[in-house]
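Each chain is listed here by its residues.
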Amino acid sequence: MCIRDSYKFEKPRTFVSSGGLGTMGFGLGAAIGSYIATEKPVVLFTGDGSFGMNLNELATAVSCNAPVIVVIMNNGVLGMVRQWQTLFFNKHYSNTTLCRQTDFVKLAESYGAKGIRVFNKNEVAAAFEEAKKNTKVPTLIEFIIDPEEMVYPMVKPGGTLEDLIMDC
């Protein structure tokens, strides 16, 4: 949803989304399918929790020579749920801190994909340039981000789109 709100898409039918319906794991399969259907560059933006749901599909992307770019926003938590817990449930965190030590770069490389890790903003452009060079295998770019970073817009519990929260 962040990408939808912050990136200017120039052509119709170039943005694929689950519509913000909480379908964790949707992205990688959709990215692979989008590439196979169009043979045009595909970039997936996903969280570490969502990617973890179907990370085995990276093997499919490698087998299909689908050079999708997978951007993982790794905050070590189930971000959107944790955000609700922070803002509306008095920081009562339940089952949102992942406590795993997955090295996504090594994971990508173990599948035969390229892995890149980004720690700060000045590394972003170089990471994407490197990713675009891979025309036969996927590239995974892991962005290490703060678990307290919030994502907007969002709807509060029991709210409607008329109650949209743009920032805190």
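Parameters and conventions
- The residue numbers shown here count from 1 along each chain, following its written sequence.
- Whole-chain, interface and lining totals are the exception, using all residues; otherwise, since this is a predicted model, local features are given only for residues with pLDDT of at least 70 and side-chain atom pairs are given and counted only at 80 or more.
- Hydrogen atoms and water are omitted, and side-chain values are computed over all heavy atoms in the structure.
- What counts as a helix is a DSSP run of H or I of at least four residues, what counts as a strand is a run of E of at least two, and both are numbered from the N terminus.
- Throughout, the radius of gyration refers to the C-alpha atoms, and the reference size of a globule is 2.2 Å times the residue count to the power 0.38.
- Accessibility here uses a 1.4 Å probe with only protein chains present; expressed as a share of the type maximum, an area under 20% marks a residue as buried, one over 50% as exposed, and anything in between as partly exposed.
- Accessible surface area values rest on a Shrake-Rupley calculation with a 1.4 Å probe, where residue burial reflects the displayed protein chains alone.
- In summary, the pairing rule links any two rings of Phe, Tyr or Trp, Trp by its six-membered ring, whose centres are within 6.5 Å, and it sorts them by plane angle into stacked for under 30 degrees, edge-to-face for over 60 and tilted for everything else.
- The directions considered for the arc are those from the helix axis to the C-beta atoms.
- Pairs of N or O atoms within 3.5 Å make up the polar contacts considered here, provided that, within protein, one atom can donate a hydrogen while the other can accept it, and that residues adjacent in sequence are counted only when both atoms are side-chain atoms.

(A) Seen up close, the overall build of the protein chain. When its secondary structure is counted, the protein chain shows seven helices and four strands. Listing each helix as α and each strand as β along the protein chain from the N terminus yields α-α-β-α-α-β-α-α-β-α-β. Scaling as 2.2 N^0.38, a compact globule of 168 residues should have a C-alpha radius of gyration of about 15 Å, and the protein chain matches this with 16 Å. Along the first, second and third principal axes, the C-alpha set of the protein chain runs to 45 × 40 × 30 Å. Here the protein chain holds 168 residues, and the buried ones make up 33% of them. Summing over all exposed atoms, the protein chain offers an accessible surface of approximately 10,400 Å²; the carbon and sulfur share of this is 55%.

(B) Local environment of the packing of aromatic side chains. The final tally for this structure, using the stated rule, is two aromatic pairs. Here F51 and F104 contribute two aromatic rings whose centre-to-centre distance is 5.7 Å and whose plane-to-plane angle is 75 degrees, an arrangement assigned as edge-to-face. Of this pair, F51 sits in helix α3 (residues 48-53) while F104 sits in helix α6 (residues 104-111), and the two are 53 residues apart along the sequence. Residues F51 and F104 agree in their burial class; the two are buried. When the centroid spacing of 6.4 Å and the interplanar angle of 85 degrees are considered together, the rings of F128 and F143 count as edge-to-face. With F128 in helix α7 (residues 124-133) and F143 in strand β4 (residues 139-144), this residue pair connects regions lying 15 residues apart in the sequence. The exposure class of F143 is buried, given its relative accessible area of 15%.

(C) Examining unusual backbone geometry more closely. Unusually for a residue other than glycine, N65 sits at a positive phi of about 55 degrees. Along the chain, the position of N65 falls in the loop between α4 (57-63) and β2 (69-74). Despite not being glycine, N90 has its phi angle at roughly 55 degrees, a positive value. Mapped onto the secondary structure, N90 falls in the loop between α5 (79-88) and α6. Overall, N90 belongs to the exposed group, its relative accessible area being 76%.

(D) Broad picture of α6. Within α6, the full set of buried residues consists of F104, V105, L107 and A108. Down the axis of α6, the buried side of the element spans an arc of 160 degrees, and every buried residue falls inside it. Exposed positions of α6 whose direction lies more than 90 degrees from the buried face are K106 and S110. The N-capping residue of α6, defined by a side-chain oxygen 3.2 Å from the backbone nitrogen of V105, is D103. Where α6 terminates, the next one or two residues include G112, which has phi positive at roughly 100 degrees.

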